[in-house]
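Each chain, written out:
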Amino acid sequence: MAGKTIGVLALQGAFVEHEAALRKCGALVRQVRKPEEIQEVDGLIIPGGESTTIGKLMNKYGLDKVIVDRAAQGMPIWGTCAGMILLAKEIVDSDQLRLGLMDISVKRNGFGRQVESFEADLEVESIGPTRGVFIRAPYGEKAGDGVHIMARFKEKIVMAQQYNLLCTAFHPELTQDLCIHRYFLTMV
Ligand code: GLN
């Protein structure tokens with residue numbers, strides 16, 4: 001990752017926290033708001049926030065098409081929470097705008113409204129233990145053959161990778177543990 005720049009989509013949501021975590025890992029970081037800025041980064045994080053809002057703004061500013069093109073060329077993209085929803089091909093009971101890149105079906109607010117926010121210990125394949133912060137989190141219900149499931153919580157998919165695409169239902173940027181950010185940087 002030396003000399004590589006990681007973009008953090010900065011339309012809405014927890015992008016500042018991702019930026020800080022990436023900087024702690026020694027990465028070069030830039031906020032991305034315009035299509036031409038996508039061309040200047042080597043990897044992209046789509047943060048948590050409100051997936052309907054981020055989806056509409058991505059579409060309005062013409063970012064969605066550029067992101068899809070770069071993903072097809074192999075650029076690594078990591079979506080956390082709302083970002084995971086936006087990466088998914090299928091969103092249960094929703095026709096909201098999405099990138100539709102990962103062969104995964106997600107359920108928004110999957111862990112229920114009564115537990116809007118919780119933390120749990122997770123065991124992530126090839127990475128190890130980490131603390132998962134879940135905030136109105138989605139989960140993956142099912143995934144295609146090309147998708148590698150890296151972590152589950154209560155049987156539900158909470159982290160997965162499909163080639164250059166990574167998704168987490170939880171928020172590593174809200175903890176002090178940089179292991180998932182470091183893993184993403186190895187993909188770049
Ligand atoms: N529930 C939100 C959504 O559907 C995601 C929450 C989050 O990103 N923390 O967009």
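Refer to the structure presented above.
Residues numbered from 1 in each chain as written. Predicted model: local features only at pLDDT ≥ 70, side-chain atom pairs only at ≥ 80, totals over all residues. Heavy atoms only, no water.

Q: What is the right way to read the overall build of the protein from this model?
A: Helices and strands together make up the secondary structure of the protein, namely 6 helices and 12 strands. In terms of its C-alpha atoms, the protein occupies a principal-axis envelope of roughly 40 × 35 × 30 Å. Burial analysis of the protein (188 residues in total) assigns 55% to the buried set. Summarising the internal contacts of the protein: among those between residues at least 6 apart in sequence, 63% fall at separations of at least 24. A total accessible area of about 8300 Å² is found for the protein, and carbon and sulfur atoms account for 47% of it. (Helix = DSSP H or I, 4+ residues; strand = E, 2+ residues; numbered from the N terminus. Buried < 20%, exposed > 50% of the residue type's maximum accessible area, 1.4 Å probe, protein only. Contact = heavy atoms within 4.5 Å. Areas by Shrake-Rupley, 256 points an atom, 1.4 Å probe, with all protein chains shown as cover.)

Q: Would you mind showing me how to read the nonpolar core here?
A: Within the largest apolar cluster, 68 residues are counted, with the highest numbers of intra-cluster contacts made by Leu9, Ile77 and Phe134. The element that contributes the greatest number of residues to this core is helix H6 (residues 179-187), accounting for 6 residues. Excluding residues that lie within four positions of it along the chain, isoleucine 77 makes contacts with Leu44, Ile46, Ile67, Ala71, Leu87, Leu101, Asn164, Leu165, Leu166 and Phe184. (Core = buried A, V, L, I, M, F, W, Y, C linked by side-chain atoms within 4.5 Å.)

Q: Honestly, the pairing of strand E11 (residues 156-162) in this entry has me stumped. Any pointers?
A: Two faces, one strand: in a regular strand the side chains alternate between the faces of the sheet. Among the 7 residues that make up E11, 6 are buried, leaving the element largely enclosed by the rest of the structure. Here 5 bridges tie strand E10 (residues 148-153) to E11, and the two strands are oriented antiparallel to one another. Bridged to phenylalanine 153 within E11 is lysine 156. Where E10 folds back on E11, the antiparallel hairpin that results is connected by 2 residues, among which lysine 154 adopts a positive phi of roughly 50°. One ladder, built from 4 bridges, connects E11 with strand E12 (residues 165-168); its direction is antiparallel. Considered in E12, the bridge of methionine 159 is made with threonine 168. Counting the residues between successive antiparallel strands, the hairpin from E11 to E12 contains 2 residues, one of them, tyrosine 163, with a positive phi of roughly 50°. (Pairing = 2+ DSSP bridges.)

Q: What is the right way to look at the site of the ligand in this model?
A: Every residue lining the ligand is accounted for by Gly48, Gly49, Glu50, Ser51, Cys81, Ala82, Ile85, Arg108, Asn109, Ile135, Arg136 and His171. Between the ligand and serine 51, the relevant distance is 2.6 Å, taken from an oxygen atom to a main-chain nitrogen or oxygen of the residue. Note that a nitrogen atom of the ligand is positioned 3.1 Å from one of the side-chain N or O atoms of histidine 171. Residues belonging to the shell around the ligand are distributed by class as follows: 4 nonpolar, 5 polar and 3 charged. (Near = heavy atom within 4 Å. Polar contact = N/O pair within 3.5 Å; in protein donor to acceptor, adjacent residues only side chain to side chain. Nonpolar A, V, L, I, M, F, W, Y, C, P; charged D, E, K, R; others polar.)

Q: Explanation requested: the state of the cysteines in the structure shown.
A: Here, disulfide denotes a covalent bond that connects the sulfur atoms of two cysteines. Under the criterion given, the structure shown has 0 disulfides. As a non-bridged cysteine, cysteine 179 has cysteine 25 as the owner of its nearest cysteine sulfur, 9.6 Å distant. Taking the relative accessible area as the measure of exposure, cysteine 179 reaches 17% and is therefore buried. (Disulfide = S-S within 2.5 Å.)

Q: Whenever I open this one, the side chain of histidine 181 confuses me. Can you help?
A: Here histidine 181 is to be found in helix H6. Histidine 181 has contacts with His18, Ala21, Leu22, Cys25, Ile45, Trp78, Pro172 and Glu173, leaving out every residue within four places of it along the chain.

Q: Can you help me understand the pattern of salt bridges in this one?
A: Opposite charge on two side chains lets them pair, provided their charged atoms get close. Taken as a whole and judged by the stated rule, the model has 8 salt bridges. In this structure, arginine 30 engages glutamate 40 in a salt bridge whose closest nitrogen and oxygen atoms are separated by 2.4 Å. On the criterion of sequence distance, the pair formed by arginine 30 in strand E2 (residues 28-32) and glutamate 40 in the loop between helix H2 (35-38) and strand E3 (43-46) is long-range, its members being 10 residues apart. The partly exposed category is assigned to arginine 30, whose relative accessible area is 27%. Of the charged contacts, one joins glutamate 50 and arginine 136 as a salt bridge, the two residues approaching to 3.6 Å between their closest N and O atoms. With a gap of 86 residues between them, glutamate 50 in the loop between E3 and helix H3 (51-60) and arginine 136 in the loop between strand E8 (128-135) and strand E9 (139-143) connect regions that are remote in the sequence. Exposure remark for glutamate 50: the relative accessible area of 22% places this residue in the partly exposed category. Via salt bridges that share partners, Arg30, Glu37 and Glu40 belong to a single interconnected network. (Salt bridge = Lys/Arg side-chain N within 4 Å of Asp/Glu carboxyl O.)

Function cannot be inferred from these measures alone, as they are strictly geometric.
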